[in-house]
Structures are given as C-alpha cells and as structure tokens.
Amino acid sequence: MKLWQKIFLSSLALIILTVNIISITLLNSSSRLLLERERNHAIKEYEYFAASFSNAVVYEKLKSEKVILGDDEIADIAERVLSGGDRMQTPAVILDQDGLLIAGSDFEDILRSPEFSKSLKSADTEGDSYNICSFRFKDQYLMTVCSSLKTEGKTYVIATASDISEIYDMRQKQTEHIRRVGLAAAAFVSLILLMTTILLLRPLNRLNIYTKSIAGGDYKVRIKPHGSQEIRELSENMNKMAEAVQERSDKLEKIAEDRQVFIANLAHEMKTPLTSILGFADILRIKKNVPDDERREYAGVIVDETKRLRSLSGKLMELVALGGTEIEKKPVSLSDMIHETAAALAPLLSKNSVELECSAENVVIMADAELFKSLLYNIIENAVKASPKDSRIVLNEAVSEGNAVITVTDSGIGMTDEEVKKVFEPFYMADKSRSRKAGGAGLGLALCARIADLHNTTLEIDSSPGEGTTVYITIDGGEIRER
Amino acid sequence: MINILIIEDDENIARMITAALSMVDYNGKCCYDGKTGSEEALKGNYDLILLDIMLPEMNGFEVMEKIKDCGTPVIFLTAMQDVADKVKGLRLGAEDYIVKPFEALELLARIDVVLRRSNKTQNIINYGDVSVDLTRHEVTLKGEHVQLTPKEFDVIVYFLQHQDIAVSRERLLSTIWGFEFEGESRTVDIHVQQVRRKLGLKDRLITIPKLGYRLERQAGK
C-alpha cells in the first residue's frame, strides 16, 4: 500500500469515527433531555390526576358527611374522575392494594403488559416516590408513572401512562438525518483529504523520479529544493548525496582513464622500439647481401632499441613496486646520498662532458636510501640529458625554514610552462627524439614523483626555454632527524 | 623508380623503413614531424606516403586532412590498435593501415597492393629470358608463351618484385593465398617447383634452408 493511500485512509477513518462519536453523544444527550421533560410532564399529569382523585374523595366526604367512604363510593369517584371530561386523554388507572382494578380508562391492555406489572410490583411499597417506567407498547412508546395513595384508611395504587412515541420518532429521524449528513460530509472530507494528501506528497513523487534518474546513472541532475521544510531538507541532502556520488564516480573515472592512457602510452612506447627491432632483424634475415656497414648499422639500432626496452621495463617494474608497498625508512645522511649519487653518475657526466658541482650540509633524514638516491639520480640524469657539452650542473642542499631543500640547476635547453606541467605524467618526454637517443622512456619523473610522495617531499620545477631548469626538492621538516 | 615519403618521428623506424624499401629498389625520403612532412608531401612528387599518427607539431590525421587533395595514396603506420582510429584513418582517405610492429615484407606487400591499385608499378617485368606482362597476365620465355596457373603467375610475380630477398613459405601463403588460407606449406613448394620447371629458373629460384625461397638478382643489374 502506498503512503498516500495509508495517510488518506487512516485520516478518513479517524475523521468518520470522531464525527460519529460526537453526533451519537449529542443525540443521546438531546434525547435524554427530552425524556427528562416527558418524565416531568408525566409526573405532573399523574399528580394532577392524583390530586383530582383526592379532591373528589374529600368533596364526596363533605357532601355525604361521612367520615369514611366505602369501597363502592371510592370506585364511583374514581370512575367519575377518570371519565370526567376535560383532562383524561391520558390513560390512567386506580387499583386497590391487592392490585384489583377499581377504575381505569384505556388501561386494560397496559395492565396486562409484563413491563407495567413489573413496575407495579415495585411501586406497591410505601412512600411518595414515583415509579416511572418507559417501554414499548404495541406500536407506541409509553411512560407509566405509578405510586400509592393512602386515603380512607386504605392504600390505593394510581398509575398514569403517557405516550412518548414522539421522542423516539424524533430520535429515529435525527439519527437518519445525521447518517445522511455524515455520509455527505465524509464524501466531501474524503475528497478534500485526498487532494491535500496528494498535493502534500507530490514533492515525494518528484524526489522519487529524481532518485530514479540518479540510480540510472545520471549524477548531474539536481533537484530544486522547495515545498515543506522536511521535503526541502530531504532534497538538499539528496543533492549532497548525488554530488558525493558524482565526485566519487568522477574520481574513479579519472583513475580508469589515467590507467587507460598509461596502458596506451606503454603499448606505444613498447611498440616503437619493437618496430625497429623487428624490421631490422627481418631485413638482416631475408636480404641476400648485406654490406658490412649496413649490417653494423642495423645491428646497432637493434641493440639500442633493445636497451631502450630494457630500461623501460626496469623503470616500469620500479613504478609498479612503488605502487602499493610500504617503504622502510631509516635515518640516512643526505649529503652521503648526494655524494654517492654523484659518484654513480660520474661515467655519464664524463661521457657528456658535464660538470656536477655539489654543496651539501650535513642533514640526516628518514628515508629509504636506495629509493631516495634513485630520485636524485633521475633528476640529475635529466639535467645531464638537457645540458649541452662542457656545461655545469649545480646541486645545492641546505636547510631553509625548517625544511631541507635540494636545488638542481642546469643551463640546458629548458622547457616551456606547458611542458613543465606535463613532465610528471608517465611517458611524457619534452623532447622526444633527444630523450630517446639518450635512452629515456619518459618514466623517470613519474617515478621521482612517486618516491617524493613516499618521503613527504615536494618537487617543483622552474624552467625557461633556452636558459635552463632548476628543480627544487623540498623535504618536509618532519623527516629531518639531525642537523 | 618509385618514390615514397616516410613521415615518422622515430628516426630508427624511419631508417628501417628506408632500408626495407631499398630492398625492392624503392626510394624512401624521411620527414620527422607532421609539419615538414605535409609540406614535403605537397611539394614533392611522391608515389606513396607512409604516415605515422603520433607526430610532433601536427598529428597524422591533421597531415592527412592537409594533403588528401594532392591525390597521393597514403598508408597509415601506427602503434595504436584502436578500431576507431583505423576507421578514422580510412575515412579520411587512407589506402591502408599498418599496425606497428610489422615485418619488412608485410610492409612491402601492403605497399605493393596500394601501388598496383594506383597503377604505379611497372606493367612488364623482364628477367633474363622471362618476360611477365602484369596487365595481360602473360608470361613468355624466350618470346614463347608459357602456360601458368593463376597462382603460379602470382608466385613468379611476387619473386620478381622481391629479388634477392628470402621469402618464407608463410609469407607466400599469406600474400598469395590470403591470410585465411589454411593450406600446408607443401602447396607453396609445389607451386614454386612448377614455376621453376616451366620458366627454367632452377639455378635462380633457390631454396634457402629453414627460411624459404629466394630469386637471385641477375648479375649486372
């Protein structure tokens, strides 16, 4: 069952129930009031009748100058009072103390009814109280009043009956009326209720459609928050949720895309040397006469390109190895690492006739020595590759503002700002043919970036074309152990 | 002489292609970026252009857009294996699309197909007493007509176009019988023997152990 149906049906049931209870209560109290009035009326009639009877008895006694009237005289008087013209529309009866009828008008049938005999029995006792009883008699409702009267040394029971059918008829009519009005009101109320419920819950419907479209993968949709406070809050929160989902999915997409690009670049980087290798090897294999110089040239290319593949796979392995593993940091001297790296680079430096000038303060940092040397090696190697012959690279290491900063400055070809932005991307080469000639795979700086990440270190590059490049390696002060 | 323009940024690959082309006496000229490549293509009179896609300055597709009006057939060379790229290249008007890395003879075979399509190859090849007319599908030995089956004809033409090059049975199978043909290399042997016998090439079309066959270039040529 849907929410609007639940709300609608439960409110409707509640309203109808309340209205019915109220109308029944009102009806009851009004009929009780009427009944009370009828009762008083009946009692007055009874009293009037009883008084008439007593008066008639006294009058008769005075007239006949007897002290005590006999039974026959009493019966006569009773007969006279009962038939006495003006008042007796009401059925009335006078019984002696044994319940025997002395006189009555229109009362024979009533006397025989069980309800009246029951009331008569309880009225037999002494006292001035009236015994009032109302019951259904034939096709009408009657209210009987009976009480005892002492006169002439005897106790008589007098009873009157009034017709109160009118009250019951009225009640019947009122009930009927209320039922009809109630039905109409219920129909009207239910219509209004239905409209309000649907109107109030319409924002939910809107939210529902919106959620569906988010679930369907459209993370860009946003709902306009309006309507009641709750709905507004809900829509705002849902917008927040959609935003979070979108952010996360964008992030994942970016990662997947990066990976895709990485793989495409890797395939390209592998295929380029492979093309030369396969092509030249094939030529050497199928060509009949290969002159010596050609053979040497072809084989030379094959060797170079194979080396390139080897370096690529080596760098790739390093990059993969750095991907997930936690590194083990130990306190190591930065200046020691710099000098060791410089020593390892000596052959390359002399081959390119480039001089490396190092000045280093003695600082001990927490680092994985091999990885950190590899970072330094890559950066100096890049500087060497970019440098012209007989130039100089300056490496300076000092503590500034609590951080250890290493600067590597060359006076090489330099790069544009555009190029600087891309240098840390895997496989990016500022100068492709130059870099390849030097055996680069375009992974060196990507590797450096990873290593720097693991050492709380930032890499910044300041470069201008034709003037040279400076790399700032800033090691966070937190990694410094000794100075 | 067939002139082919190679637009390829990797020098070694460009050298390799030039070396491969020189085996069949094609003349190769190299350009290392898209800009000079497209200028050269528009300026020079080339029979065919081999065009790399990832190029500095201008990529291969841009070069293609620029030079497609000059009518020179183009074959794309690329490391990308994307079908979308292939479709894009072919839609731009390229004749073929070769994925790196490739064998030298595969490159030559693709080049031959394109050159033949654009009628840039010689129509008559003479080899000693043998003369082959490619358009009329006729072979004569010392002026006399020789009956060859269509496959035998293809075999002799292929050898004549690749003189002094060792051709493997697999290469012959894939070029002449098509890649889908799953015949045994015996088929190749039988056809080669037939050609040898019919054209008297016993000493010229020689068997190279473990490799295949080679048609020796005529002395003095």
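Caption draft 1: Structural detail: the nonpolar core. Ranked by internal contacts, the top residues of the largest apolar core, which has 66 residues, are I7, I17, A20, I49, L50, L51 and I156 of chain B. If you tally residues by element for this core, the top one is helix α1 (residues 11-23) of chain B, at seven residues. Here this core spans two domains, and each of domain 1 (3-117) and domain 2 (124-215) of chain B adds at least three residues to it. In this structure, A367, L376, A383 and V423 of chain A belong to the second largest nonpolar core, which totals 33 residues.

Caption draft 2: Layout of unusual backbone geometry. Residue and element names in this part refer to chain B. In this chain, K100 is followed by P101 through a cis amide linkage whose omega measures -10°. When you line up the elements, P101 lands in the loop between β5 (96-99) and α5 (104-117). A positive phi angle, close to 50°, is found at K142, a residue other than glycine. The residue K142 is located in the loop between β8 (138-141) and β9 (144-146) in this model. Assessed through the 10 C-beta atoms surrounding it within 10 Å, K142 is described here as exposed. A positive phi angle, close to 65°, is found at D164, a residue other than glycine. Assignment of secondary structure puts D164 in the loop between α6 (150-161) and β10 (167-168).

Caption draft 3: A look at the sheet that holds strand β7 (residues 355-360) of chain A. Residues and elements named next belong to chain A. Here we have five strands laid out as an open sheet, ordered β7-β9-β10-β12-β11, and mixed in their pairing. Two strands bound the open sheet, and with one partner strand each, they are β7 and β11 (457-464). When strand polarity is set aside, the average angle formed by the axes of neighbouring strands in this sheet is 15°. Relative to the sheet, helix α9 (residues 369-386) contacts β7, β9 (392-400), β10 (403-410) and β12 (468-475), its axis offset from that of β10 by approximately 20°.

Caption draft 4: Representation of the interface of chain A and chain B in the model. Residue-level contacts link 21 residues of chain A with 24 residues of chain B. Of all elements in the fold, only α6 (229-286), α7 (292-324) and α11 (432-437) of chain A reach the threshold of two or more residues within the side of chain A that touches chain B. When residues in the side of chain A that touches chain B are grouped by element, the largest group, 14 residues, is from α6 of chain A. Along the lines of polarity and charge, the residues of the side of chain A that touches chain B split into eight nonpolar, six polar and seven charged.

Caption draft 5: Highlighting the packing of α6 of chain A against α1 of chain B. α1 of chain B packs onto α6 of chain A with a crossing angle of 25° between their chain directions and a minimal axis gap of 9 Å. What the angle tells us is that α6 of chain A and α1 of chain B run roughly parallel. Of the two possible hands of crossing, α6 of chain A and α1 of chain B adopt the one that is left-handed. Contacts between α6 of chain A and α1 of chain B involve T272, T275, S276, G279, F280 and I283 of chain A from the first element and N12, I13, M16, A19, A20 and M23 of chain B from the second. Counted by class, the contact of α6 of chain A with α1 of chain B contains seven nonpolar, five polar and no charged residues.

Caption draft 6: Up close: the sheet that holds strand β2 (residues 101-105) of chain A. Residues and elements named next belong to chain A. Spatial ordering of the open sheet is given by β2-β1-β5-β4-β3, a layout of five strands whose pairing is antiparallel. Each of the sheet's edge strands pairs with one partner strand only, and the pair in question is β2 and β3 (131-137). Ignoring which end each strand starts from, the neighbouring axes of this sheet average 20° apart. Relative to β2, strand β1 (residues 92-96) runs antiparallel, the two being bridged by four bridges. Note that in β2 the partner of V93 across the bridge is G104.

Caption draft 7: Structural context of helix α1 (residues 3-64) of chain A. Residue and element names in this part refer to chain A. Taking 1.5 Å of rise per residue, the 62 residues of α1 would be expected to cover 92 Å, and the 90 Å separating its terminal C-alpha atoms lies within 8% of that figure. Taken as a whole, α1 has its buried residues at A42, E45, Y46, F49, A50, F53 and V57. Contacts from the buried residues of α1 go to α2 (71-83), β1, β3, β4 (140-151) and β5 (154-163). Within two residues after α1, E65 carries a phi angle of roughly 50°, on the positive side.

Reading the values: the criteria
Residues numbered from 1 in each chain as written. Chains lettered and ligands numbered in written order. Predicted model: local features only at pLDDT ≥ 70, side-chain atom pairs only at ≥ 80, totals over all residues. Core = buried A, V, L, I, M, F, W, Y, C linked by C-beta atoms within 7 Å. Buried ≥ 20, exposed ≤ 12 C-beta atoms within 10 Å, placed from the backbone. Helix = DSSP H or I, 4+ residues; strand = E, 2+ residues; numbered from the N terminus. Domains from an automatic or database assignment. Pairing = 2+ DSSP bridges. Axes fitted to C-alpha atoms, helices over the stretch in contact; angles between N-to-C directions. Contact = placed C-beta atoms within 7 Å. Nonpolar A, V, L, I, M, F, W, Y, C, P; charged D, E, K, R; others polar. Parallel < 35°, antiparallel > 145°, perpendicular 65-115°, else oblique. Left-handed = near helix turned anticlockwise from the far one by under 90°. Expected span 1.5 Å × (residues − 1).

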